[in-house]
Amino acid sequence: MSTPVHLTPTRRPAAVLASARQRREGSRTGSPYRNPAEHALLGIQAGAGNRAATAAVQRARAGEQAGGQGSAPQNSTVPAGAQKKNYRDRIAGLLDRFKKNLDPIDTFIKGVQTPANAGFTQQAAAAANEGLKHSAAASGTSAASGNLLTEATGTVVSGMDAYKNMKDARKHETGAGHHTAGKKAKVKGTDAVIGAAGSGAYSAAIAKEVTKIQKAADAAVASEASGIASASVAALKSVRSVFRVGGAARKYRKVKELGDPHLVHAESLARLNESREHANWAAAEAFVALDAYWKQDGEGRLELIGEAVDAAWEAMGEARDAAETLQRAERDVEKLNTVQGYAKKKQLTKIGKETVGGALGESTKAAAGVVTAVAAGTAGLASNPVGWGLAGAGAGLVLGVTLYKALRAATKRYEEVRRPEVWAPQGETPAEAASRSESLKHALKFWKKVSKGERQAMAREIYALAAGPHIPGSGGTTQEMRQSGMALLIALKAGPADHKLDEDAWVASLDDPAKTEAWIKEIAEQLASG
């Protein structure tokens, strides 16, 4: 159990879319698909026979057509810099959606098709079956092509996100907005680097499978290089997951060290209860005195009665205020207990997902790549069944975590529109509940993020506990409770040092209504990350 930090709150003063470039009609007459990405994706469909590829192409083309309809007029007075920014944001949005449309296909390839290809390759090598070997290589080529398209698109999106967040971090310089953008820039930058390495590994995998199809003399060398590349990328992802597990574990430990709010605030609640009792006794004594004056006779009786009425009225107000303060503190203790429990649960969940899908799954895939490379160099083209087994085990772990995350996200999207009143902000009229069929349709929109869920609601609760008296709804928070809310923010890595602010400026930012939205966004991000 730890004592809340003692901080003294002080009040401080507080595009038009650019014209979308139309697809060139005349230069590609006769081709029904004019987007190079569509050509590549249709190639995957032809190789793998996956109908989902067609849906991805249709969504991508629909996005382009929608963009074309929103073109700005030629005489637009929007500044060139704003047009360039909007154009860049538009491209990033289209690429992000295109990548998310490819994710289900990519998940199927990584979790099912690739391990199956490894098994067939091992069986073909053991039985010297050239027909099966050729078929497995063709399937492997289509699988690696799908992986490459998804990885390359994700790399571009991550790079653009990293650049955008770097600019936002420089613009804010300090505070919650700076920290949120800076952390996203680091994460997305790392994703871009790993994505580039992954794209290289998938390119090597394509070369390996092509050499098998062509029965080239250097097929073993290509297989060995591909195994080393895939092992290196998997090892890099595994190391990143280990760091994430460490960060989540440290955050969990810091939140746990804050102690049980019921025990931490037992003394302050006792003092408030004692104040309430004193106020009640004072009110009772005032009424006894008033009753005594009513029974008296003589001059000045009415004046004494008037004074007694005023005293009784004032005592009643103090008793009422004391009771309300105690009730508010008790409710805040329960809220603090809830949000601390949620914060610890989020970190434990992150530890589990990163351990199973990242540290174990990716390290197993790395071992499979090493075995493949060794087998290619010694026994010839991965004839060792150990590589197949490791590849299947690693893919199974990663696939399991991916499916778990997808199911959780779909459930949250369903609840978001089916029961909007559950996590709606206090004082805001919730949207009308959608029907069951509409909610199911929304749940299947895997490319959409949850905007009004439990995490956002918990972020609002934490901010309300830590915010200053000038924030609506936080004026009745006791000083002890506000200090505990601030201590929780520090444990979640949203303290003064994280925001590059001194203590007074950090406390003032919590009491600035103009920064409420940035604070809630920051807390929600810190709850999700390690």
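Residues numbered from 1 in each chain as written. Predicted model: local features only at pLDDT ≥ 70, side-chain atom pairs only at ≥ 80, totals over all residues. Heavy atoms only, no water.

1. Thoughts on the overall build of the protein
When you go through the protein residue by residue, the secondary structure sums to 15 helices and zero strands. Buried positions account for 38% of the 530 residues belonging to the protein. In the structure as shown, the protein presents an accessible area of about 27800 Å², 57% of it carried by carbon and sulfur atoms. (Helix = DSSP H or I, 4+ residues; strand = E, 2+ residues; numbered from the N terminus. Buried < 20%, exposed > 50% of the residue type's maximum accessible area, 1.4 Å probe, protein only. Areas by Shrake-Rupley, 256 points an atom, 1.4 Å probe, with all protein chains shown as cover.)

2. Considerations on a nonpolar patch on the surface
A cluster of nonpolar side chains, contributed by Phe287, Trp313 and Met316, occupies part of the molecular surface with about 360 Å² of accessible area. Inspection of the secondary structure assignment puts phenylalanine 287 in helix α8 (residues 266–295). (Patch = residues over 30% accessible without salt bridge, like charges linked within 9 Å, V, L, I, M, F, W, Y side chains within 5 Å. Salt bridge = Lys/Arg side-chain N within 4 Å of Asp/Glu carboxyl O.)

3. A closer look at the packing of aromatic side chains
The description of an aromatic ring pair rests on the distance of the ring centres and on the angle between the ring planes. Counting across every chain of the model gives two aromatic pairs. A centroid spacing of 5.2 Å and a plane angle of 85° characterise the contact between phenylalanine 446 and tryptophan 447, whose relative ring orientation is edge-to-face. Exposure remark for phenylalanine 446: the relative accessible area of 32% places this residue in the partly exposed category. Measuring from centroid to centroid gives 6.2 Å for tryptophan 506 and tryptophan 519, while their planes differ by 70°, and the two rings are edge-to-face. One end of the pair, tryptophan 506, is in helix α14 (residues 503–510); the other, tryptophan 519, is in helix α15 (residues 516–528), with 13 residues separating them in the sequence. A residue is classified by how much of its surface remains accessible, and tryptophan 506, at 0% relative accessible area, is buried. Residue tryptophan 519 is classed as buried on the basis of its relative accessible area, which comes to 1%. (Phe/Tyr/Trp six-rings, centres within 6.5 Å; stacked < 30°, edge-to-face > 60°.)

4. Describing the pattern of salt bridges
Side chains that differ in charge, positive against negative, can pair when their charged atoms come close. Applying the stated criterion to the full structure yields 13 salt bridges. For lysine 164, the salt bridge goes to aspartate 168, with nearest N and O atoms at 3.4 Å. Pair noted here: lysine 164 and aspartate 168 are both in helix α4 (residues 130–172), with a separation of four residues, about one helical turn. Of the residues examined, aspartate 168 reaches a relative accessible area of 19% and is grouped as buried.

5. So, the side chain of threonine 477
Within the element layout of this structure, threonine 477 appears in the loop between α12 (454–466) and α13 (479–491). Within the local environment of threonine 477, its side chain forms a polar contact with the side chain of arginine 328, the two groups lying 3.0 Å apart. When neighbours within four sequence positions are excluded, threonine 477 is seen to be in contact with Arg328, Asp332, Ala464, Leu465 and Arg482. (Polar contact = N/O pair within 3.5 Å; in protein donor to acceptor, adjacent residues only side chain to side chain. Contact = heavy atoms within 4.5 Å.)

6. Topic: the nonpolar core
Ranked by size, the top nonpolar core spans 34 residues in total, and within it Ile462, Leu488, Leu489, Trp519, Ile523 and Leu527 carry the most contacts. Put simply, the parts of the chain that give this core at least two residues each are α9 (301–378), α12, α13, α14 and α15. Examining the composition of this core, we find that seven residues originate from one element, α9, more than from any other. If sequence neighbours within four positions are ignored, tryptophan 519 has contacts with Ala176, Tyr463, Leu489, Ala494, His499, Trp506, Ser509 and Leu510. In terms of nonpolar packing, the next biggest core, distinct from the first, is built from seven residues, Ala286, Ala312, Ala319 and Ala322 among them. (Core = buried A, V, L, I, M, F, W, Y, C linked by side-chain atoms within 4.5 Å.)

7. Here's the deal with the confidence of the model for the protein
With 79% of its residues at a pLDDT of 70 or more, the protein shows a mean pLDDT of 79. Low pLDDT, under 50, characterises residues 59–78; the predicted model gives this stretch 32 contacts beyond four residues in sequence or across chains. Ignoring residues within four places in sequence, the model shows residues 379–383, a span with pLDDT below 50, making 17 contacts including any to other chains. (pLDDT = per-residue confidence, 0-100.)

8. Points about unusual backbone geometry
Despite not being glycine, glutamate 173 has its phi angle at roughly 70°, a positive value. On the secondary structure map, glutamate 173 appears in the loop between α4 and α5 (175–213).

9. Here we look at the packing of α5 against α15
Relative orientation of the contacting elements α5 and α15 amounts to 35°, with a least axis distance of 8 Å. As for how α5 packs across α15, the hand of that crossing is left-handed. In this structure, α5 contributes Ala176, Gly177, His179, Thr180, Lys183 and Lys184 to the contact, and α15 contributes Ala518, Trp519, Lys521, Glu522, Glu525 and Gln526. Each residue belonging to the contact of α5 with α15 can be placed in one class, and the counts come to three nonpolar, four polar and five charged. (Axes fitted to C-alpha atoms, helices over the stretch in contact; angles between N-to-C directions. Left-handed = near helix turned anticlockwise from the far one by under 90°. Nonpolar A, V, L, I, M, F, W, Y, C, P; charged D, E, K, R; others polar.)

10. Regarding the environment of alanine 181
With respect to the helices and strands, the residue alanine 181 is situated in helix α5. The buried category is assigned to alanine 181, whose relative accessible area is 5%. Placed 341 residues apart in sequence, alanine 181 and glutamate 522 show a C-alpha to C-alpha distance of 9.1 Å. Residue contacts for alanine 181: discarding those within four places in its chain leaves Asn165, Asp168 and Ala169.

11. Structural notes on the packing of α13 against α14
Interaxial distance between α13 and α14 falls to 12 Å at its minimum, and their mutual angle equals 110°. It follows that α13 is roughly perpendicular to α14 by the angle criterion. When α13 is examined against α14, the residues Met486, Leu489 and Ile490 are found in contact with a partner set consisting of Trp506, Val507 and Leu510. Here the residues of the contact of α13 with α14 are counted per class, giving six nonpolar, no polar and no charged. (Parallel < 35°, antiparallel > 145°, perpendicular 65-115°, else oblique.)

12. Comments concerning the side chain of threonine 478
Secondary-structure assignment places threonine 478 in the loop between α12 and α13. On the basis of relative accessible area, threonine 478 is assigned to the buried category, the value being 14%. Setting aside residues no more than four positions away along its own chain, threonine 478 makes contact with Leu272, Thr325 and Ala329.

13. A word on helix α11 (residues 436–443)
Among the residues of α11, those classed as buried are Ser439, His442 and Ala443. Along the long axis of α11, the arc covered by the buried residues comes to 100°, so they all point the same way. (Arc of directions from axis to C-beta.)

14. Concerning the environment of lysine 449
By secondary structure assignment, the location of lysine 449 is in the loop between α11 and α12. A C-alpha to C-alpha distance of 9.3 Å links lysine 449 and lysine 412, two positions 37 residues apart in sequence.

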